[in-house]
Amino acid sequence: MYLTKSGDLASTVTRPEPSRDGLGCLEDDADLKFLLEGGALQKVRSNSWQKSRFYKLLEDCMTMWQESHKAFKGDQTFSIEDIESVRQGRQSEGLQKFTDPDMEERCFSIIFKGHRKNLDLMAKSPEEASKWVAGLGKVLSYVSKLNRQQNSEHWILSCMRKADKNKDNKMTLKELKHFMRQINIEVDDAYAELLFRRCDTSNSGTLEGDEIKIFYQMLTSREEIDVIYGKFSKNAREMSAGDLLNFLKTEQIEHATLEDALNLIEKYEPDEIAKSNKHMTKDGFLMYLQQEDGLILNPAYKKIYQDMTQPLNHYFINSSHNTYLMEDQLKGPSSTEAYVRALMKNCRCVELDCWDGANGEPVVYHGYTLTSKILFKDVIKAIKEYAFKVSEYPVILSLENHCTVDQQKIMANHLTKILGSALLVHPLGDQMPTALPSPEDLKGRVLIKGKRLNKLDAVFNNNNTIDEESVSEEDERTKIKLAKELSDLVIYCKSVHFSSFENSRTKQAFYEMASFKETKAFHLAENSGAECIHHNMEKLSRIYPAGSRTDSSNYNPVPMWNVGSQIVALNFQTPCKEMDLNQAMFLPNGQCGYILKPQFLRDPSSGFNPFKLTKGPWYKKKTLHLMVISAQQLPKINKNKESSIVDPLVKVDIFGVSEDCASKKTHHIENNGFNPMWNVSFEFTVRVPELAFVRFVVDDYDKGSQNDRIGQYTIPFTSMQNGYRHVPLLTKRGDLIPSTGLFVHIMVVDA
């Protein structure tokens, strides 16, 4: 499965032969050989710091080694799994600042997940740069296709390599203890010796060859899977297609057929003989449970399945606040990279705070603070490049405009020149519309949200009459003059002031929208919930964090979604529970950044009010029976301290209307992050399932201080599958933690 030296400890325990699309088929690939040999690259940090460093791919093909000249070198490696993407050319902020344009073809950047800084590099020639990018691209592609079991095997084997201190491909008792701590499990000396003696069949005092294989199999045995498999397999050795069908119907509560069972055997069974007999072995059964069909998220919801032809105001839209900021609101850096990251996380509405800059070039930054400034045109270039890489559906640029008329004209010029045909500059159709277009109508288009000098009708009747020359931005009393060139680019998202629901109902056009500070939005929702909902049925609304959140913290978005607010803008740069909920909201429907609101938030006859809950079409009372069974291969919190082993516990939270919110947790398991088992059952009542979320949190228990977060996963209630399911875990920044997860049993029934 992995490229290893002949005789390597890892080769002893690897299972099947590499598949045709695995890394094994790249053994003779020239680009991969180039990475394994490695070479010198120019590392670029600033104009003055550009130094030659040697880089190479290690033989596990999952780890990069980098030369370091520091006195204390620390870790000189990084995992391929930590890389988000590789960009060819001068596509990072650093390379654009610190290298000449004629170096374009020699440059590339390694972009890491989370908050780690980009690695900006320059090869000796364009040809070498292309080899690095092509090779890394192939390895990244391979890693992205690894299933959870393969990730698990790799992780265990890499820990084995680290434990094999003298690299003799054998394991002593001392090395076994070291390995157990590496994989996050503490065992006493007596148990370690017992385990060692069981496997040391040759009585040689070391484990090697088949003995290591026996140890690996003992280690990775899943007792809970054995029980389930034994219950449904009439033949203890193999499960027939009929047995599997029985399991799918009775435990997984799926409307499955015998053909479905046979398809799963064909898809997941690794044993060719069992497959030819239309049987599933225990390995195949575990493979099924750990992959897409066995995960908690219903695979039908991973693709775009909703109606995308309704007006924009009928959708929740994934939205970011002060998108340019990488950290806090007062002195942190602004960066085009923040826009790239937001867009690559399916954000469809980004914000630009625009101010006059030097040399006639407008800049984006948080005004009247020490946050750094970036050029407006560089932001637009980044948006042009990344707007539609992960979703075809429209991107809204929310402009907070503080510029003089002259620099507004430059903004308009940059928008039209850089975005080209993607920029929407005219309403769709040849006559004045009466409703907003749909996400489907606006595929591949960029919309400008901002102030407009006149009504949209002027586009069709050649009326250039200006209603108002000066306009004010949100929460500002001072007015600025607005350039017609910029005003004319605002089509479907004209910003207007909100005074009352009555005024909006009688005077606000369908293309006009208001923005609400969180405090005002929550006040309106709690005191006028029904009016809020009906306002949001007809008009777009944007909610944004209070200015007092200088640390870039976030408000709870759920109450705002509960009243139908579409553009609920959050600080994307801040890892927190609120961003976990946002990621969950936009997890289904192909992660396209648009979610169709429930019918009761779109139907004018609806009487729904989340703050005064009554019976109605929205009230579909369910009971969630949830058993937290086990976890597998939880990561260590303190990686620098070998003796530090996690004491995991699981907390399950329900978010939704206030009557549905609840939280329960398991006891903690001492000193076992490798295969802790709880077998704890919970029961929750959910009254409005279409607005509910389930959040799994795994913490490292600490008696004397706050628990440390190990991982979490949040999912819409209606997107869960029943039955025995694996739950992936994400980092605090929302990235998948490979090879780890929870194993649960879910049963949702009518209450």
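Thresholds applied
- Residues numbered from 1 in each chain as written.
- Predicted model: local features only at pLDDT ≥ 70, side-chain atom pairs only at ≥ 80, totals over all residues.
- Heavy atoms only, no water.
- Pairing = 2+ DSSP bridges.
- Helix = DSSP H or I, 4+ residues; strand = E, 2+ residues; numbered from the N terminus.
- Axes fitted to C-alpha atoms, helices over the stretch in contact; angles between N-to-C directions.
- Contact = heavy atoms within 4.5 Å.
- Core = buried A, V, L, I, M, F, W, Y, C linked by side-chain atoms within 4.5 Å.
- Buried < 20%, exposed > 50% of the residue type's maximum accessible area, 1.4 Å probe, protein only.
- Phe/Tyr/Trp six-rings, centres within 6.5 Å; stacked < 30°, edge-to-face > 60°.
- Lys NZ or Arg CZ within 6 Å of the ring centre and 35° of its normal.
- UniProt positions renumbered as here; feature names shortened; annotations may be inferred.
- Arc of directions from axis to C-beta.
- Salt bridge = Lys/Arg side-chain N within 4 Å of Asp/Glu carboxyl O.
- pLDDT = per-residue confidence, 0-100.
- Disulfide = S-S within 2.5 Å.

J.: So what exactly am I meant to see when it comes to the sheet that holds strand β6 (residues 107-112) here?
T.: Remark on secondary structure: sheet strands pair via backbone hydrogen bonds, oriented parallel or antiparallel. Spatially, the 7 strands line up as an open sheet ordered β4-β3-β2-β1-β7-β6-β5, and their pairing is antiparallel. Strand pairing shows two members of the sheet lacking a second neighbour, β4 (77-79) and β5 (83-88), which therefore form its edges. Sheet twist, expressed as the average angle between the axes of neighbouring strands with direction ignored, equals 35°. Here 3 bridges tie strand β2 (residues 50-57) to strand β3 (residues 63-66), and the two strands are oriented antiparallel to one another. Among the inter-strand pairings, Tyr-55 is bridged to a residue of β3, identified as Gln-66. Here helix α4 (residues 126-145) sits on the sheet in contact with β1 (39-44), β2, β3, β5 and β6, set at roughly 150° to β5.

J.: Is there a simple way to think about the nonpolar core in this case?
T.: Leu-352, Ile-383, Leu-397, Leu-399, Leu-415 and Phe-608 are the most contacted members of the largest nonpolar core, which has 74 residues in total. Broken down by element, this core gets its largest block of residues, 6 residues, from helix α15 (residues 376-386). Once you skip the residues sitting within four places of it in the chain, Ile-383 turns out to touch Tyr-339, Leu-343, Val-350, Leu-352 and Leu-397.

J.: Hey, could you run me through the packing of aromatic side chains in this one?
T.: In this description, a pair of aromatic rings is defined by centroid distance and the angle of the planes. By the definition in use, this model includes 27 aromatic pairs. Residues Tyr-268 and Tyr-288 carry aromatic rings whose centres are separated by 6.1 Å and whose planes lie at 50° to one another, so their mutual orientation is tilted. Separated by 20 residues along the polypeptide, Tyr-268 in helix α11 (residues 258-268) and Tyr-288 in helix α13 (residues 282-290) bring together distant segments of the chain. Summarising the burial analysis for this pair, Tyr-268 and Tyr-288 share the class buried. Each member of the aromatic cluster is reached from another via a ring pair, and the members are Tyr-229, Phe-232, Phe-247, Tyr-268, Phe-285, Tyr-288, Tyr-724 and Phe-743. Here the guanidinium or amino end of Arg-222 rests over the ring plane of Phe-743, the centre of that ring lying 5.3 Å away. Positioned above the aromatic ring of Tyr-386 is the side chain of Lys-389, whose terminal nitrogen or guanidinium carbon lies 5.4 Å from the ring centre.

J.: What should I look at first to understand unusual backbone geometry in this one?
T.: If a residue is not glycine, its phi is most likely negative; likewise, a peptide bond is most likely trans. Unlike most non-glycine residues, Lys-278 shows phi in positive territory, near 60°. Within the secondary structure, Lys-278 sits in the loop between α12 (272-276) and β9 (279-280). For Lys-278, a relative accessible area of 46% translates into the label partly exposed. Positive phi, normally seen in glycine, also occurs at Asn-679, with a value near 55°. Tracing the chain through its elements places Asn-679 in strand β26 (residues 677-686). Asn-679 sits in the partly exposed class, given a relative accessible area of 43%.

J.: Looking at this model, I keep getting lost on the environment of Gly-209. Mind explaining?
T.: Assignment of secondary structure puts Gly-209 in the loop between α7 (189-199) and α8 (210-220). Between the C-alpha atom of Gly-209 and that of Lys-170, which follows or precedes it by 39 residues, the distance is 8.0 Å.

J.: Got a minute to help me understand the pairing of β1 in this structure?
T.: Put simply, side chains in a regular strand alternate between the two faces of the sheet. Across 6 bridges, β1 lies against β2 in antiparallel orientation. From the neighbouring strand, Gln-42 faces β2, where its bridge partner is Ser-52. Counting the residues between successive antiparallel strands, the hairpin from β1 to β2 contains 5 residues. As judged from the 2 bridges shared by β1 and strand β7 (residues 119-122), these two strands associate in the antiparallel manner. Looking across to β7, one finds that Gln-42 is bridged to Met-122.

J.: Hey, could you run me through the UniProt feature "binding site: Ca(2+) 3" (unreviewed entry) in the protein in this one?
T.: In the UniProt entry, the feature "binding site: Ca(2+) 3" (unreviewed entry) is given for Asn-322, Glu-351, Asp-353 and Glu-400. A stretch of 79 residues holds the annotated residues, and the largest C-alpha distance among them is 9.7 Å, short enough that they meet in one place. Topologically, Glu-351 is positioned in strand β11 (residues 349-355). By relative accessible area, Glu-351 is classed as buried at 2%. For Glu-351, the residues in contact, after removing those within four places along its chain, are Ser-320, His-321, Asn-322, Thr-323, Tyr-324, Tyr-339, Ser-398, Glu-400 and Arg-542. Along the chain, Glu-400 falls in strand β14 (residues 395-401).

J.: Looking at this structure, how should I read α15?
T.: Spacing of three or four residues puts side chains on the same side of an α-helix, whose turn is 3.6 residues. Looking only at α15, the buried set comprises Phe-376, Val-379, Ile-380, Ala-382, Ile-383 and Tyr-386. For α15, the angular spread of the buried residues around the axis is 160°, confining them to a single face.

J.: Looking at this model, I keep getting lost on the pattern of salt bridges. Mind explaining?
T.: Pairing is possible between side chains of opposite charge, provided their charged atoms come close. Under the criterion given, the structure shown has 33 salt bridges. The partner of Asp-328 in a salt bridge is Lys-331, and the shortest N-O contact between them spans 3.7 Å. Here the salt bridges share partners, and the residues they tie into one network are Asp-580, Lys-651, Asp-653 and Arg-695.

J.: When you look at the confidence of the model for the protein in this model, what are you seeing that I'm missing?
T.: Do not read the predicted coordinates in detail wherever pLDDT is low. Taken residue by residue, the protein gives an average pLDDT of 90. The fraction at 70 or more is 93%. Long-range and interchain partners of residues 1-22, a stretch whose pLDDT sits below 50, account for 52 contacts in this model, where long-range means more than four residues apart.

J.: Whenever I open this one, the state of the cysteines confuses me. Can you help?
T.: Disulfide: a covalent bond formed between the sulfur atoms of two cysteine residues. Following the criterion strictly, the structure yields 0 disulfides and no others. Here Cys-403 is not cross-linked by a disulfide; its sulfur's nearest cysteine counterpart is in Cys-354, at 5.6 Å. We classify Cys-403 as buried; its relative accessible area is 2%. Of the cysteine sulfurs around Cys-576, a residue in no disulfide, the closest is that of Cys-347, at 14 Å. With a relative accessible area of 16%, Cys-576 lands in the buried category.

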